[in-house]
Amino acid sequence: MKKVTLFAVYLMLINGYYAIAQSNLSHDKAAFKNPSKQFMPMPFWHMNGDLNDNEIVRQMKDAKRMNFSGLAILPMYNMTPEFLSDPYFEKYQLILETAKKMDMNIILYDDTGFPSGTAGGKIERDFPQHVRKSLEKIEIEIKQRPFFKSFVPQGNLMAAVAMEMNSKERIDLAPFIVNKLLTWHVPKKGDWRVQFYMCTPATFWKNYMPVDAMDPEAVNQFINLTYDEYAKRFSAYFKNTIQLTFFDDVGFLRRERTWTGKFNEKFKEVNGFSPTLYYPALWYNIGLETEAARVAFFNTRSELLAEGYPKQVKDWTEKYGLKNTGHPPGNYGIQPVDMHGDIFKFFRYTDYPLTDAIIDYGHGRDGFKLISSAADYYDRPIVSTEVFGAFKESIVDEAMLYRTTVELFVRGVNFTVPHGMWYNPENVGIPPLISAESEKLAPVLPNYSNYIGRSCYMLQGGRKVSEIAILYPIESLQAGYYFDAPENNVRAGHWAYPEADYQEIGSMLTNEIRQDFTFVHPEFLITHKYTIEDKTLKLNNETNHQEYKLMIIPGSKVISVKVLQKIKQFYGQGGKVIATTLLPSKSSEFGKDQQVVTLINDLFGKGVSEKGHIQTNKKGGKAVFIVNPSKENLQKIIEGFLPNPSVYFKDNPTITSELGLFSFLHKVKDGKNIYYFANSSDQEITTTIYLKGNMQLENWNPKNGAISTIKKLKDYKLNGITYTECPLRLPPVSSTFWVEE
């Protein structure tokens, strides 16, 4: 055998490394030009008719012609054969075999219609003990009687409380219940009411009652009826043809007071004390403890939902080597409490956090960053979207396809599930029709799919460059919400306290000031994942690590003392802090309101000025309260606090067209800066952009795959820091990537 020296081995390794690196470098451009299937769209295929073998194969071939890389099979109520029947699974077998032959993938949608959790009606029919539950308050006024006697109402008793409506004094009546009969001597003075809080089966508005998504035992019964049936038959297709599962609208729909039988046990586990005497806070102001009590209740409910449906699905998909995606209702809404509880906690176990971009163009747009911010925190490289569902058929043309998609991409989305294909295109239950059957869209779908593939190839993975953090005001949102509020007669997810400006502030940053940001969850902020170093708050992820130089506290009444202490520490070490609209004055912890007031005074000055007085310290820290934030005054403060952002617009474009926006996203992948510029408006954008650093750039066009060197680059000094001056011309409804050479 020929001897090989260590030095020779070293040379071989080095040469091999550089050969691979060079190969990857050249392959990147080829992969961008012709993206592989994992980056291409996979639309819903609504199975809304009598499934026929020949028609199934024909439509799948058409989907392949549209450059769809696969399909999300969505059984519908009006489908034959019946969902979960043996003939149904025979049709599913044909779909899988056809997909395998055509090199397509299939997303396993876990139910029929939506929301997930009904098992096509089997949960309600065969396991009624596992259906969704609701909290009911049964209240009895006591007038001029010293003695009260009543049987406990039907249902699972969560609490029995006597409350004096003026003083807010509350008495636990459980010790006075014997054999379900309450016998209680009423105090002589006061306006007393007896309140029974009962957990009972919920009412619902869809075809079938869904499972109790906060009860792992109930969810596992649902999984046994659905997921396990697929595993019995099709596990040979797992990790190849089937790589991803999908759940839909799991959460709290239609403002029901969704509850679960084991709520009190979880409350004690999370908070360390019994909830009994605090149940009235869910309907009433109970005095100084109102806000903290509501935070405790709604945080507990968020934990239960996260540990219920999403976690059980995650456990199942991990068992079979699959990934999962899905979403709760209203995951973009300003008020999460009556939709899903807490979007960050909901996505704790979701591999691809998903935003539901539906209803109409622009609907929920200001909330899309919540989903990508959750993915940022969990270091998840893929953010998916269900998009176009319930858009009016008349508005969805080629321009609308691109207009909506670029707005999602710039907000962190990088995998798409268009909504969608329909097996019977003559009976589209939820428009628009996005398939080869659409005379309007079929000619443009192949190129559109390629555009998505190229964009997702560039946008998946790496780390986002974001220098601004917006505190997610979840505690204030929880504290300001109560059941059966007379003000809450709007669409679920839309009612919050008037000063809840966090999405409005985010919109100003993205669409007008053009500085990117990340929402930061207060409970996570105080963990070890966030450290303060050199005037910077760092999110310490392995891949998607971020460094924030500015923290924005949006309008909030309630905040955690521990969170304020960490923000004060950040300020004390040279960090920059802006508060808007309303300063916190109440603590999310019991009995700590005065500490909140003291910390706010320490940060912004005692008797905070509404004239924008800037508080400073010796380390370079700055803090200011803006009582009426606007694009102009917020931008002025940010430019003073962050004089050298990673991307700077000297002449910030103004959008005058009726539709659309102009925004950007900055990522770093494999050590290279990548800038994504998205123009969803109907006007051409012509501007000059300044990128921090001295670099050479290429323009990668996702519309056609063309790559060219960007010329006319100049060095530019901004506050003594070197920037690269780059001219940008971006046609209407288009986007482009600038890639560092």
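Residues numbered from 1 in each chain as written. Predicted model: local features only at pLDDT ≥ 70, side-chain atom pairs only at ≥ 80, totals over all residues. Heavy atoms only, no water.

Looking at this model, I keep getting lost on helix α13 (residues 445–459). Mind explaining?
Two residues of an α-helix separated by three or four positions point the same way, owing to the 3.6 residues in each turn. With 15 residues, α13 extends 20 Å between its outermost C-alpha atoms, agreeing within 8% with the 21 Å of an ideal straight helix rising 1.5 Å per residue. Judged by how many residues are buried, α13 sits mostly within the fold: 14 of 15 residues are covered. (Helix = DSSP H or I, 4+ residues; strand = E, 2+ residues; numbered from the N terminus. Expected span 1.5 Å × (residues − 1). Buried < 20%, exposed > 50% of the residue type's maximum accessible area, 1.4 Å probe, protein only.)

How should the layout of surface pockets be read in this particular structure?
Take a probe with the size of a water molecule and roll it over the atoms, and the empty space left behind shows itself. Computed from the structure, the largest pocket encloses a volume of approximately 550 Å³. Taken together, 28 residues form the lining of the largest pocket, with Trp-205, Asp-249, Leu-253, Ile-359 and Arg-491 sitting closest to its centre. Split into classes, the residues belonging to the lining of the largest pocket amount to 12 nonpolar, 9 polar and 7 charged. (1 Å grid on protein atoms, 1.4 Å probe; cavity = no way out; pocket = protein on both sides within 12 Å on 5 of 7 lines; lining within 4 Å. Points joined across faces, edges and corners; volume = space filled by probe spheres on them. Nonpolar A, V, L, I, M, F, W, Y, C, P; charged D, E, K, R; others polar.)

Would you mind going over the packing of helix α3 (residues 86–101) against helix α6 (residues 227–234) with me for this structure?
In helix packing, the relevant descriptors are the interaxial angle and the interaxial distance, both defined with respect to the helix axes. Two numbers describe how α3 lies on α6: the axes approach to 11 Å, and their chain directions differ by 60°. The angle between the axes of α3 and α6 places the two elements in the oblique class. Note that α3 runs across α6; the crossing there is right-handed. Residue-level contacts link Asp-86, Tyr-88, Phe-89, Tyr-92, Gln-93 and Leu-96 of α3 to Glu-229, Tyr-230, Arg-233 and Phe-234 of α6. Considering only residue class, the contact of α3 with α6 consists of 6 nonpolar, 1 polar and 3 charged. (Axes fitted to C-alpha atoms, helices over the stretch in contact; angles between N-to-C directions. Parallel < 35°, antiparallel > 145°, perpendicular 65-115°, else oblique. Left-handed = near helix turned anticlockwise from the far one by under 90°. Contact = heavy atoms within 4.5 Å.)

How should helix α8 (residues 290–307) be read in this particular structure?
Between its first and last C-alpha, α8 extends 26 Å over 18 residues, near the 26 Å set by a 1.5 Å rise per residue. Counting buried positions along α8 gives 18 out of 18 residues, so the element sits mostly inside the fold.

Please clarify how the pairing of strand β26 (residues 576–580) should be interpreted in this entry.
The element β26 is largely enclosed, with a buried count of 5 among its 5 residues. Burial of the side chains of β26 extends over both faces: Lys-576, Ile-578 and Thr-580 are buried on one face and Val-577 and Ala-579 on the other. Note that strand β24 (residues 550–553) and β26 share 4 bridges and pair parallel. Pairing of Met-551 across the sheet is with Val-577, part of β26. Examined bridge by bridge, β26 and strand β29 (residues 622–626) share 5 bridges and lie parallel to one another. Looking at the pairing, Ile-578 lines up with Val-624 of β29. (Pairing = 2+ DSSP bridges.)

So what exactly am I meant to see when it comes to empty space enclosed by the protein here?
Taken as a whole and judged by the stated rule, the model has 7 cavities of 30 Å³ or more. Size it by volume and the largest cavity reaches roughly 130 Å³. Considering the residues around the largest cavity, the lining is formed by 18 residues, among which Arg-132, Pro-210, Val-211, Ala-213 and Gly-251 are closest to the centre. By residue class, the composition of the lining of the largest cavity is 11 nonpolar, 4 polar and 3 charged.

Mind showing me how you'd approach the sheet that holds strand β6 (residues 156–164) here?
Two strands in a sheet stick together by hydrogen bonds in their backbones, pointing the same way (parallel) or opposite ways (antiparallel). Strand order in this open sheet of 5 strands is β7-β6-β10-β4-β12, and the pairing throughout is antiparallel. The two strands at the open ends of the sheet, each matched to only one other strand, are β7 (170–172) and β12 (258–259). In terms of strand pairing, strand β4 (residues 133–141) meets β12 through 2 bridges, oriented antiparallel. The residue bridging Ser-134 from the neighbouring strand is Thr-258, located in β12.

I tried to follow the sheet that holds strand β5 (residues 147–151) on my own but got confused; where do I start?
Strand order in the open sheet formed by 3 strands is β5-β9-β8, and the pairing between neighbours is antiparallel. The sheet terminates laterally at β5 and β8 (177–178), the two strands that pair on one side only. In the sheet, β5 pairs with strand β9 (residues 181–185) via 5 bridges, with the strands oriented antiparallel. Bridging from a neighbouring strand, Phe-151 pairs with Leu-181 of β9.

Help me understand the packing of aromatic side chains in this model?
Note on aromatic pairs: each is described by the distance of the centres and the angle between the planes. As enumerated under the stated definition, the model contains 68 aromatic pairs in all. Judged by centre distance (6.0 Å) and plane angle (55°), the rings of Phe-89 and Phe-234 are tilted. Here Phe-89, found in helix α3, pairs with Phe-234, found in helix α6; they are 145 residues apart in sequence, far enough to count as distant. By relative accessible area, which is 3% here, Phe-89 ends up buried. For Phe-234, a relative accessible area of 1% puts it in the buried group. Positioned above the aromatic ring of Phe-252 is the side chain of Arg-301, whose terminal nitrogen or guanidinium carbon lies 4.0 Å from the ring centre. Positioned above the aromatic ring of Tyr-377, the side-chain terminus of Lys-529 is 4.2 Å from the ring centre. (Phe/Tyr/Trp six-rings, centres within 6.5 Å; stacked < 30°, edge-to-face > 60°. Lys NZ or Arg CZ within 6 Å of the ring centre and 35° of its normal.)

What is the right way to read unusual backbone geometry from this model?
When glycine is set aside, most residues are seen to have a negative phi, and most peptide bonds are trans. Put simply, His-419 and Gly-420 share a cis peptide bond, and its omega is -10°. Looking along the chain, the bond that leaves Pro-431 and enters Pro-432 is cis, with omega of 5°. Its location among the elements puts Pro-432 in the loop between β17 (421–422) and α13. One non-glycine residue, Ala-390, adopts positive backbone phi at about 75°. The phi dihedral of Asn-719 is positive, around 55°, even though this residue is not glycine. Relative to the helices and strands, Asn-719 is located in the loop between β36 (714–718) and β37 (721–730).

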